[in-house]
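Secondary and tertiary structure notes
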Amino acid sequence: MWENTRFGDQPFQFAVEHGESPQKGMWRAFPFGWVTFAIALVCAPIAAAFVQRYLVTTELFDSSPEAYSIAYGLIGLGVLLIWGLAWLICWAPYNAAAMNRIASLITIDGARFKLKARTVSLFIFTLFGWLIVILSLGLLAPVAGFLQVRYILNRLELVDTPRFAEIGQSVLRDSDSGESLGDAFDLDMGVGVI
Amino acid sequence: MTAEAAPSQTFAHSGKFFNVLGLALKNAGLTIITLTMYRFWARTAMRRRLWSRTFVMGDPLEYTGSASELFRGFLISLPCFFLPAIFVFYIAPYAIEPVYAGWLTFGFYVLSVPLVAAARYWMRRYQLSRTRWRGIKLGLAGSAWGFATASWGLVGPAALVARLVHACSADQSRAADVGEHPLRGSAVPVRR
């Protein structure tokens, strides 16, 4: 996608510097995310089983059997919530490292991009965005997208400066069919975050 | 070894949360009232707001897209995706044998994988082509289906098949030039 992107007649490049690994800076974050999320996947249902057993053993809701169904439903929702939070927390370091690494591999006319995404701040913005999307049932998804876009842009830099004066107008033919099938899947939260 | 040039704060976004929230609430309300038909105008307005607050080296981006173009794209996706999806999920289970309906659904999901990738490509191409900075347009070259194939992991097998075909045809062409049988070879090339 990046190597086909053009600014005017100048293409972007997606290239690794000689001698560097494409996964530089991600080697620790990936196994951390993998292992901790696997632990959370296993531990959450086990904890739910203990809570369920406690409710049955203490006969807490024996006077109202329907309350058991509600309690079990809430326990199930709790497991899903823990899985969702675990996904965000466990993969936050990897997401930040991956975004920084991908940005560093993109160049235009010799100028390289540099992103300073941080694990904690990225996690907070991502969590806030999820809450906005969930609580608004998706209607305010553009606000979540806006937060992501603003977060990235305010931490993005360009090392060296492209020769903008020498870049000509794009000669690519404009698409006259809008986003075509892209509209069917609504992939960008309405703000271009794909 | 040369020192890395000092990075400059090239990018900035001056958008305010409550400003965007207000526009999003208005868009959401009108989208609900119009049964989602307003979403093309909503999307255009939001992008114009966000693009105009994005600064690169002090100059803002410009979004030149329009709601009518998005609507035209929706009309294209209607017979290509929405109508087949409605048939597969809501009509086929009642109109045809359940087994065939099940296979139809499975095939639809399989075909959706490259479609989603192609959709991402078309979406990104449109947005880039309608983005300008200092009057210069961005753009996305290449092919949506090439991207879809690559994202579906078919590049490997497809490239292997292409190489085999090319190798066979190249061998035959070389063999024809030197009088060799492509499989048996020859110790003495034949000059023409």
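Residue positions within a chain follow its written sequence, with the count starting from 1. Chains carry letters from A onward and ligands carry numbers from 1 onward, assigned in written order. Local features in a predicted model are, by the rule used here, given only for residues with pLDDT of at least 70; side-chain atom pairs are given and counted only at 80 or more, and totals for whole chains, interfaces and linings are based on all residues. Computation of side-chain values: all heavy atoms of the structure, hydrogens and water removed.

Thoughts on the sheet that holds strand 4 (residues 131–133) of chain B
For two strands to be treated as a pair, DSSP must find no fewer than two bridges joining them. Here a strand is any run of E in DSSP of at least two residues, a helix any run of H or I of at least four, and the numbering for each starts at the N terminus. The strand order across the open sheet formed by 10 strands is 5(A)-4(A)-3(A)-2(A)-1(A)-5(B)-4(B)-3(B)-2(B)-1(B), and the pairing between neighbours is antiparallel. The sheet is open, and its two edges are formed by strand 5 (156–159) of chain A together with strand 1 (11–13) of chain B, each paired on a single side. The average undirected angle you get between the axes of adjacent strands in this sheet is 30 degrees. As paired elements, strand 1 (residues 5–7) of chain A and strand 2 (residues 10–14) of chain A share 2 bridges and run antiparallel to each other. Each residue of the ladder has a partner; that of R6 of chain A, found in strand 2 of chain A, is P11 of chain A. When checking whether two residues touch, look at their non-hydrogen atoms; a contact exists if any pair is within 4.5 Å. For every element, the axis is a line fit to its C-alpha atoms; helices are fit only across the contacting stretch, and the angle between N-to-C directions ranges from 0 to 180 degrees. Sheet strands touched by helix 2 (residues 39–52) of chain B: strand 1, strand 2 (54–56), strand 3 (59–63) and strand 4 of chain B. Its angle to strand 3 of chain B, the strand with the most contacts, is close to 165 degrees. Set on the sheet, helix 4 (residues 98–129) of chain B makes contact with strand 1 of chain A together with strand 3, strand 4 and strand 5 (136–140) of chain B; between it and strand 5 of chain B the angle comes to about 170 degrees.

Here we look at the confidence of the model for chain B
All names here are of chain B. Here chain B shows a mean pLDDT of 78. Residues at 70 or above account for 74%. Summary of the metric used: pLDDT quantifies the predictor's per-residue confidence within the range 0 to 100. Here residues 1–7 is a poorly scored stretch, pLDDT under 50, and it has 8 contacts once near neighbours within four places are set aside; other chains count. Confidence over residues 176–192 falls short of pLDDT 50; this stretch has 16 contacts with residues more than four positions distant or in other chains.

Re the interface of chain B and chain A
Where interface size is given, it is often the accessible area lost as the parts come together that is meant. Contacts between the two partners involve 63 residues from chain B and, on the opposite side, 51 residues from chain A. Here the quantity called buried area is the total loss of accessible area, with a 1.4 Å probe, experienced by two parts when brought into contact, counted for both. Summed over both sides, the interface between chain B and chain A buries roughly 5300 Å², with carbon and sulfur atoms accounting for 67% of that surface. Throughout this description, the term salt bridge denotes a Lys or Arg side-chain nitrogen within 4 Å of a carboxyl oxygen of Asp or Glu. At the junction of chain B and chain A, the tally comes to 0 salt bridges. We call two N or O atoms a polar contact when they sit within 3.5 Å, provided that within protein one can donate a hydrogen and the other can accept it, with sequence-adjacent residues counted only if both atoms are side-chain atoms. The interface formed by chain B and chain A contains 8 residue pairs in polar contact (both at pLDDT 80 or more). Of all the elements in the fold, those that place two or more residues in the side of chain B that touches chain A are strand 1, helix 1 (17–33), helix 2, helix 3 (67–95), helix 4, strand 4 and strand 5 of chain B. For the side of chain B that touches chain A, the leading source of residues is helix 4 of chain B, giving 13 residues.

Here we look at the pattern of salt bridges
All names here are of chain A. Within the structure shown, the criterion is met by 5 salt bridges over all chains. Between D109 and R163 there is a salt bridge, and its shortest N-O distance comes to 2.6 Å. Of the two residues, D109 is situated in the loop between strand 3 (106–108) and strand 4 (111–115) and R163 in the loop between strand 5 and helix 5 (182–185); the sequence distance between them amounts to 54 residues. Judged by its relative accessible area of 18%, D109 is buried. Here the term buried applies to any residue with accessible area under 20% of the maximum for its type, exposed to any over 50%, and partly exposed to those in between, with areas from a 1.4 Å probe on protein chains only. Take R163: its relative accessible area is 48%, and that puts it in the partly exposed class. Across the salt bridge formed by E166 and R163, the nearest N and O atoms sit 3.9 Å from each other. Linked by salt bridges that have partners in common, D109, R163 and E166 make up one network.

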